[in-house]
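One-letter residues, chain by chain:
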Amino acid sequence: MIILGVESTAHTFGIGIVTDKGKILANVKDSYTSKDAGMIPHEIAEHHEKVAEMILKEAFKTAKVKWEDIEFIAYSAGPGLDPALWKGYHIVTKWAKEHRKKLAGVNHCCAHLSIGKMWNKLKDPVYLYVSGVNTQVIIQEKNKYLVLGETLDIGLGNMLDKFGRILGLGFPSGPKIEELAKKGKYIELPYAVKGMDVSFSGLLTKAQQLVERKKSSKEDLCFSLQETAFAMCAEVAERALAHTGKKELLLVGGVGANKRFCEMLDLMCRERNAKFYKVPVDLAGDQGAMIAWEGFLRKDEVREMTINPHWRADEV
Ligand code: ATP
Ligand code: FE2
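A brief structural summary. Please read all numbers here as calculations on a predicted model, not as lab measurements.

The next point concerns the site of ligand 1. Residues in contact with ligand 1 amount to 23 residues; listed here are only the nearest, Y129, S131, N134, D161 and D286. Within the side chain of S131, an N or O atom sits 2.4 Å from an oxygen atom of ligand 1. In the model, an oxygen atom of ligand 1 is placed 3.2 Å from a nitrogen or oxygen of the G132 main chain. Computed on the free molecule, ligand 1 has an accessible area of 650 Å², of which 93% lies beneath the protein chains in the complex. Counting residues per element, the ones that place at least two in the shell around ligand 1 are α3 (108-119), α4 (156-167) and α5 (174-181). Tallied by class, residues from the shell around ligand 1 come to seven nonpolar, 13 polar and three charged.

All right, on to the nonpolar core then. Side chains that are nonpolar tend, in soluble globular proteins, to be buried together. L128, L156, M159, F163, F200, L249 and F261 are the most contacted members of the largest nonpolar core, which totals 47 residues. Contributions of two or more residues to this core are made by β6 (126-130), β7 (135-141), α4, α5, α6 (201-213), α7 (218-244), β11 (248-252) and α8 (259-271). Looking at this core element by element, the count peaks at 12 residues for α7.

Turning our attention to the pattern of salt bridges. A full pass over the atoms with the stated rule returns 17 salt bridges. As a salt-bridge pair, R239 and E235 come within 2.3 Å of each other at their nearest N and O atoms. Taken together, the residues span about one helical turn, with R239 and E235 both in helix α7 at a distance of four residues. R239 sits in the partly exposed class, given a relative accessible area of 26%.

So, about the coordination of the iron ion (ligand 2). On the protein side, the iron ion (ligand 2) has H108 (NE2), H112 (NE2) and D286 (OD) as donor atoms, found 2.0 to 2.2 Å from it. The sequence motif formed by the donor residues of the iron ion (ligand 2) is H-x3-H-x173-D. Of this pair, H108 and H112 both sit in helix α3, four residues apart, roughly one helical turn. The class of H112 is buried, set by a relative accessible area of 1%.

Applying the stated criterion across every chain yields a total of seven aromatic pairs. With 5.6 Å between their ring centres and 55 degrees between their planes, Y75 and Y89 make a pair best called tilted. In this pair, Y75 is assigned in strand β4 (residues 70-78) and Y89 in helix α2 (residues 82-99), connecting sequence segments 14 residues apart. With respect to class, Y75 is no different from Y89; both count as buried. These aromatic residues form a ring-pair network of at least three members: F60, W67 and W95.

Okay, helix α10 (residues 288-297) next. Across the 10 residues that make up α10, a large majority, nine, are buried. Regarding α10, the residues found buried are G288, A289, M290, I291, A292, W293, E294, G295 and F296. Between the side-chain oxygen of the N-cap and the backbone nitrogen of A289 there are 3.3 Å, and the N-cap of α10 in question is Q287.

For the rest of this paragraph, the subject is the sheet that holds strand β3 (residues 24-31). Strand order in the open sheet formed by five strands is β3-β2-β1-β4-β5, and the pairing between neighbours is mixed. Looking at the sheet topology across the chains shown, the edges are occupied by β3 and β5 (102-107). Taken over all neighbouring pairs, the strand axes of this sheet differ in orientation by 20 degrees on average, direction set aside. Direction of pairing for strand β1 (residues 2-7) relative to strand β2 (residues 12-19): antiparallel, over a ladder of six bridges. Bridge pairing links L4 to I17 in β2. Together, β1, β2, β4 and β5 form the strand contacts of α2, whose direction differs from that of β4 by roughly 165 degrees.

Conventions adopted
Residues numbered from 1 in each chain as written. Chains lettered and ligands numbered in written order. Predicted model: local features only at pLDDT ≥ 70, side-chain atom pairs only at ≥ 80, totals over all residues. Heavy atoms only, no water. Near = heavy atom within 4 Å. Polar contact = N/O pair within 3.5 Å; in protein donor to acceptor, adjacent residues only side chain to side chain. Areas by Shrake-Rupley, 256 points an atom, 1.4 Å probe, with all protein chains shown as cover. Helix = DSSP H or I, 4+ residues; strand = E, 2+ residues; numbered from the N terminus. Nonpolar A, V, L, I, M, F, W, Y, C, P; charged D, E, K, R; others polar. Core = buried A, V, L, I, M, F, W, Y, C linked by side-chain atoms within 4.5 Å. Buried < 20%, exposed > 50% of the residue type's maximum accessible area, 1.4 Å probe, protein only. Salt bridge = Lys/Arg side-chain N within 4 Å of Asp/Glu carboxyl O. Donors = N, O, S within 2.8 Å, 3.2 Å for Na, K, Ca; no water. Phe/Tyr/Trp six-rings, centres within 6.5 Å; stacked < 30°, edge-to-face > 60°. Pairing = 2+ DSSP bridges. Axes fitted to C-alpha atoms, helices over the stretch in contact; angles between N-to-C directions. Contact = heavy atoms within 4.5 Å.

Okay, here's the thing in structure tokens:
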């Protein structure tokens, strides 16, 4: 069985073609970027409209398949930005009608988790899901996801993007902050862990104030912002491992591309005899392969839906 997965919850329009054995035949995407602003919703929808047919063509070419080979179309139904989700939904409905395929709406967060689990062949990890919008520590219980802890305000990726915007780094800022941080030294910033939850807004405000005072270098601020935020996530992930007795930690989501973050989590896991897992960069951020795979895993669940912008992993 071959499944086509379409991602369009936010900045990325992606198409993945995956087999029922988890073989990724194609994973093609194009992401909206902007020089100085963040994401402008109507520009994202225009971006997706513009690239959709081209991405589809390239995905088919790479996978060496045709519409006839596709069993059904899985698409990301949420959570995400309204205009991006609707644009994606309209595109897949059009393709589904033209080629007489069934549609399956899947949850974007669950897709991040399942592609990581499949890629690393894991049974029952603690998930640390850290992307633009989300920062969550999750476990699976009887086929349901349980969020053990999460951000009380903004997601870590969004925090980095907001700080990058203050420095004029452009969107997305995560990779640029990672580069600048390599040459930085540590400055103390507010560290906010509350039980199993974290909070990033105080950290961001303080870092912004330091930019305005012009006394600290960009490099030092980027380094210290990363160290503080990553340590907060490592602390709650460690607590989750301690309380559940699980021995595997899996990092998923776009911020998982950060090497320093992985290094810190790996060290924490080693110190407590657990094992750290991540996903390759091309599977860490948003893409269609994860949507296709999640669609396959849930192919027998009936889902009559359009989009759901606020759909959480623990509501699936
Ligand atoms: P969600 O999955 O919660 O809906 P999303 O789809 O916007 O959010 P992803 O594509 O999973 O998120 O991740 C995007 C985020 O990852 C952006 O905020 C970006 O700045 C961040 N990011 C990407 N690369 C890096 C990196 N090397 N270091 C830190 N952050 C990074
Ligand atoms: Fe995502």
